[in-house]
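An overview of the molecular structure
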Amino acid sequence: ILGSVRLGAQRWLKFAWFNFQPSEVVKLIVVIFLARYFSRKSADDIGLRVARLGVTRAFMWPFCFVAIPMILIIKQPDLGSGMMVFLIFMGIIFLAGVRKKYIIMAILVIAALCPAVWHGLRDYQRDRLLVFVNPNIDPLGAGYTIIQSKIAVGSGDFLGKGWLAGTQSQLRFLPESHTDFIFATYAEERGFLGVFLLFLLYAALLTRGISIARKTGDQFGKLLGYGICLMLALQSFVNIAMNVGLAPVVGIPLPLMSYGGSSVIVSFVALGILVNIGRDRTVF
């Protein structure tokens, strides 16, 4: 309905000088909503009651709420962020203790719907999936970006080419080198050693977040902490896998590294919530 159109998608709302991307906020809102939904308490049971819920309350009702923003995001179109919302949903219902048979049933239903989903995709989305299997079928078109990304990552060698010395990124062979493919740019300039240190930083961040979630005595804070860690981990994994050719190309930013105000703000808000959960108090 509203928003500026860029790169063939209507994903941004412009406020003065700031372009706001609602899909980034939706990811955190979904985490908060699901954490609250699955941590509701009764007078006779202060713990989670999810394991005793039926399929409607444990899966269908929360999915209906999550499906509303997910469908709107996919219609922008932004299939990557829409699928990220769905993966967050599946991850949190698993962490909440929903019966595994419900999760398996959902996966089987999704697998059965894959042929219908394929026909509903736009042409460029199909091309991205095809070049994921074999980038060389269209090396100058849909496969160009992933080929250049893998060249950038591989050419970094052990120590990298140095700050602003990367050929693929600085000479503009690699599209979106400051956003979706920031990891390839970093790997080219900092090499294997720099990537290893980056992985250690992400591992330390997620380990600390999981520790905070595990130690809190409040069920809402516990599930919210785990959900935030899941959100950051999924985004990091998908972005890095996309950069090295292990996942299809989607518009998922790398947390705390990719250029983009919405992503940075949401990441810091999420980390601020984690810090708040970690404070010494019994109820979050």
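**Brief notes about the side chain of serine 177**
Position of serine 177 among the secondary structure elements: in the loop between helix H7 (167-170) and helix H8 (182-215). Judged by its relative accessible area of 17%, serine 177 falls in the buried class. Serine 177 has contacts with Ser169, Ile182 and Thr185, leaving out every residue within four places of it along the chain.

**Let's talk about the confidence of the model for the chain**
The predicted structure's coordinates, where accompanied by low pLDDT, should not be read in detail. Summarising the model, the chain shows a mean pLDDT of 85, and 93% of its residues fall at 70 or more. Residue range residues 42-48 is modelled with pLDDT below 50. Its contacts to residues more than four positions away, or to other chains, number 9 contacts.

**Considering the pairing of strand S2 (residues 9-15)**
Bridge analysis of S2 against strand S3 (residues 18-20) gives 3 bridges, and the strand direction is antiparallel. Bridge assignment links leucine 13 to a residue of S3, and that residue is phenylalanine 20. Between S2 and S3, which pair antiparallel one after the other, the connecting turn spans 2 residues, and alanine 16 there sits at a positive phi close to 55 degrees.

**Considerations on the pattern of salt bridges**
Applying the stated rule across the entire model yields 2 salt bridges. Notably, a salt bridge pairs lysine 27 with glutamate 24, separated by 3.1 Å at the nearest N-O pair. Highlighted residues: lysine 27 and glutamate 24, both in helix H1 (residues 22-37), separated by 3 residues, approximately one helical turn. Pair check on accessibility: lysine 27 and glutamate 24 agree, each one buried.

The rules behind these values
Residues numbered from 1 in each chain as written. Predicted model: local features only at pLDDT ≥ 70, side-chain atom pairs only at ≥ 80, totals over all residues. Heavy atoms only, no water. Helix = DSSP H or I, 4+ residues; strand = E, 2+ residues; numbered from the N terminus. Buried < 20%, exposed > 50% of the residue type's maximum accessible area, 1.4 Å probe, protein only. Contact = heavy atoms within 4.5 Å. pLDDT = per-residue confidence, 0-100. Pairing = 2+ DSSP bridges. Salt bridge = Lys/Arg side-chain N within 4 Å of Asp/Glu carboxyl O.

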